[in-house]
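# Chain and residue survey
One-letter residues, chain by chain:
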Number of protein chains: 2
Amino acid sequence: MDSRFTEYADLIIRVGVNLRPGQTLVLSCPVECADIAHVLTEKAYDAGAREVVLRWNDEVITRMKYLRAEDSVFDEFPKWLETLFYEYADRGAALLTIYAEDPELLRGVDPGRIQRWGRASGQKLKAYQERQMANEFQWNVVSVPTKKWARSVFPSVSEAEAVEKLWDAIYHALDLRESGTVDAWREKIKLLGSRAQKLTDYNFQKLIYQNSLGTELTIELPENHKWVGVGEQAKNGAVFAANLPSEEVFTVPKRIGVNGAAVSSKPLALNGTLVRDIRMRFEGGKIVDAFASEGLETLLKSLDLDEGSRYLGEVALVPYHSPISLMNLVFNNTLFDENASCHLAYGSAYPCFKDEPSREEMLARGMNDSMNHIDFMVGTEDLSITGVTQDGRTVPVFANGDFAF
Amino acid sequence: MDSRFTEYADLIIRVGVNLRPGQTLVLSCPVECADIAHVLTEKAYDAGAREVVLRWNDEVITRMKYLRAEDSVFDEFPKWLETLFYEYADRGAALLTIYAEDPELLRGVDPGRIQRWGRASGQKLKAYQERQMANEFQWNVVSVPTKKWARSVFPSVSEAEAVEKLWDAIYHALDLRESGTVDAWREKIKLLGSRAQKLTDYNFQKLIYQNSLGTELTIELPENHKWVGVGEQAKNGAVFAANLPSEEVFTVPKRIGVNGAAVSSKPLALNGTLVRDIRMRFEGGKIVDAFASEGLETLLKSLDLDEGSRYLGEVALVPYHSPISLMNLVFNNTLFDENASCHLAYGSAYPCFKDEPSREEMLARGMNDSMNHIDFMVGTEDLSITGVTQDGRTVPVFANGDFAF
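From a predicted model like this one, the values you see are computed outputs, not experimental measurements.

### Considering the overall build of chain A
The number of helices and strands found in chain A is 12 helices and 21 strands. Relative to its length of 405 residues, chain A is compact, with a C-alpha radius of gyration of 20 Å against a globular reference of 22 Å. Projected onto the principal axes, the alpha-carbon positions of chain A cover approximately 55 × 50 × 45 Å. Every one of the 405 residues in chain A was classed for burial, and the buried ones make up 59%. In chain A, once contacts between residues fewer than 6 apart in sequence are set aside, the share between residues at least 24 apart is 76%. For chain A, the accessible area works out to roughly 15,200 Å², and carbon and sulfur atoms hold 46% of it.

### Considerations on the interface of chain B and chain A
Tallying the contact residues gives 35 residues for chain B and 35 residues for chain A. Taking both sides of the interface into account, the surface hidden between chain B and chain A amounts to around 3,100 Å²; carbon and sulfur atoms contribute 59%. For chain B, the biggest contributors to the area lost against chain A are Arg50(B), Arg68(B) and Trp80(B); these three give 23% of the whole. Scanning the region where chain B abuts chain A turns up 12 salt bridges. Residue Glu42(B) is joined to Arg68(A) by a salt bridge in which the shortest nitrogen-to-oxygen separation is 3.2 Å. Between the two partners, chain B and chain A, sit 22 residue pairs in polar contact (both at pLDDT 80 or more). Sorting the residues of the side of chain B that touches chain A by element identifies α2 (34–46), β2 (51–57), α3 (59–68) and α4 (79–90) of chain B as the ones contributing at least two each. It is α2(B) that provides the largest number of residues to the side of chain B that touches chain A, a total of 7 residues. Its residues placed into classes, the side of chain B that touches chain A shows 18 nonpolar, 5 polar and 12 charged.

### Comments concerning the packing of aromatic side chains
The way to describe two aromatic rings as a pair is by their centre distance and the angle between their planes. Tallied over the full model, the rule gives 37 aromatic pairs over all chains. Consider the rings of Phe5(B) and Trp167(B), whose centres lie 5.7 Å apart with planes at 75 degrees: the pair is edge-to-face. Of the two residues, Phe5(B) is situated in helix α1 (residues 4–17) and Trp167(B) in helix α7 (residues 159–173); the sequence distance between them amounts to 162 residues. Assigned by exposure class, Phe5(B) and Trp167(B) land together as buried. Feature note: the residues Tyr202(A), Phe204(A), Phe398(A), Phe403(A) and Phe405(A) constitute an aromatic cluster, connected by ring pairs. Directly above the ring of Trp117(A) sits Lys65(A), whose terminal nitrogen or CZ lies 3.8 Å from the centroid. Directly above the aromatic system of Tyr311(B) lies the positively charged group of Arg255(B), at a separation of 3.9 Å from the ring centroid.

Conventions we followed
Residues numbered from 1 in each chain as written. Chains lettered and ligands numbered in written order. Predicted model: local features only at pLDDT ≥ 70, side-chain atom pairs only at ≥ 80, totals over all residues. Heavy atoms only, no water. Helix = DSSP H or I, 4+ residues; strand = E, 2+ residues; numbered from the N terminus. Rg over C-alpha atoms; globule rule 2.2 N^0.38 Å. Buried < 20%, exposed > 50% of the residue type's maximum accessible area, 1.4 Å probe, protein only. Contact = heavy atoms within 4.5 Å. Areas by Shrake-Rupley, 256 points an atom, 1.4 Å probe, with all protein chains shown as cover. Buried area = accessible area lost by both parts, 1.4 Å probe. Salt bridge = Lys/Arg side-chain N within 4 Å of Asp/Glu carboxyl O. Polar contact = N/O pair within 3.5 Å; in protein donor to acceptor, adjacent residues only side chain to side chain. Nonpolar A, V, L, I, M, F, W, Y, C, P; charged D, E, K, R; others polar. Phe/Tyr/Trp six-rings, centres within 6.5 Å; stacked < 30°, edge-to-face > 60°. Lys NZ or Arg CZ within 6 Å of the ring centre and 35° of its normal.

Spelled out as structure tokens, the structure:
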């Protein structure tokens, strides 16, 4: 393992999770990355973890299940797994997820099975997801290379070399230094926070997107929305970073206030399938048409998971000339690709409101609700975004792919 | 992976588990052995599995937990894990366990923590264990080498070489052939069954053990007890082998009918600690004194887990010149070592009765009850066992370590 990994593990536990003494950590990790789990567990105990609970996963087993299990399996979310999520949420445990999926894991799998499993799990875990999205406890998503994922990013080199190159890419994307990485990220989180504050202060009525790829989109924002970056506060007071890396500031769109067309600027790793060249048309908030040059059936099954899947739940701004974007590398992994590009998400929204209203009130203001939350990338070098204030003034927010202010 | 492994996997799924079409398989496996889990999962789906559910474990994480988690963790068995066991038992799922423990995993760990965790889990899982021991569903325990376990068996060679040697030893112990292994094991199971029947027919009142190591023990057997070998029938009708390999025939002793001394003939891998040279003295069934040259505290904590831990729950006969025994290798793994030696178990008993009485009736006849079930080896080359029939006749059962008939 690279010596830089210790620094990375430190960053994850101290900044990403910001684990509190006496707090339980649930660590979700591929079995292929057991050595990574060992270092993270050690660091978590160093930080005073009450206990580190592992939730292992394995893509070979997952793929076999999708291909060979009985059909009824995909309609029944097991009770024990449901219990696991709520038991640790009730305990205030922090959740750390190693996201390192083979983007083509489920190639050839019946998209109906994926959708049904998504629905079965979504129904049982919806209340949990809401609690997570409301930052009831710290949660953090990071990535480490797996062989299959690395090969999808670097298909022309050997597996071992691909893994090496992906490690380098991840360290570069995280600006990982010999030392001082934790402080550097704390600074960056502050910067994202002040950027978000600026946008919140504008109190835009709507945003108007335009680029040469065909995105022509108006997105209304709800009353009292606020923009946020990573560096949010959990109920226990700990400030954490839900994603590492993170370059975005984001807010909640108005469910029925989205009109026009959005065109994806990067492939989307969706449910084990790469979806390319997405084109969506919105009317009164709803995605009424969706196309893709590859993976269309997977996309459509995802959009039909529930009613809320056809409405936007997130609008996020990332400069085209952000550090990850400048690497000019498609990661086939949303954690990195969304932080290299302005993006939107269809499905559920993060409750980004200044005045902390009740969930009912948030929904009434136009926040979307769904079992899904799928980010897709729309940023380009020539993207312009114009903000329209409450009194009708226009403010350039993005010009030529970057913040205009 | 050795080409013989396919044959081994076949044996496990078809003879060990004898998985029925449409049945769920729960596979418990160390993350280090993921490649093994993949082959077994494939074979299970070949056999028509409804679904294969993985329960991964990892010894590095387990050891860290014992050394570093908060104290209260060891008193609370998590609800989700309890739910997992009962949910799949209720579904009639089969259980396959890869048992490949580092016998020194918990060296240096506070035995009090091990005991408290044993008690917390034992209390929640006692009803489950009873259902398993009554063969409500098929269950099977097998082993594959892990690095740490292999090094404990072959400490003087490299880790890679130790793993190779342990694979060879396992294949030898299982008499694994290029082909025909499944049929050979079906034959062996029949042989063990007829050996058990012979012993059942004797209907012994008691057995008297004697050898030069110091074992001088009388074990009374309850009314209507029966002897069994692997090859029992689950509720769904499937005949399965709970252990592979298996050389034993066993029955239930009478709780309060054990008197004298038992001396262990092999080290016992107990809760991550090797316990050597056990000497126990029984009075009216109860272990009133226990000694060990190594691991005594671990042994005592285990004996004090609950009241039933100080009474015997199994008496098992294995010829000294059985195939595994002839290998002259200490595996530091009870699955192999108990099948190379006559053994006893303290703790709960398998319900081995001819007339299938109720659990209450079995307890009334003298069957022991506990959260524990720990096998330990007492067979030697000069062990003699004399059976005493109901009418007071003596019958030589073992002479010079082997069956006398």
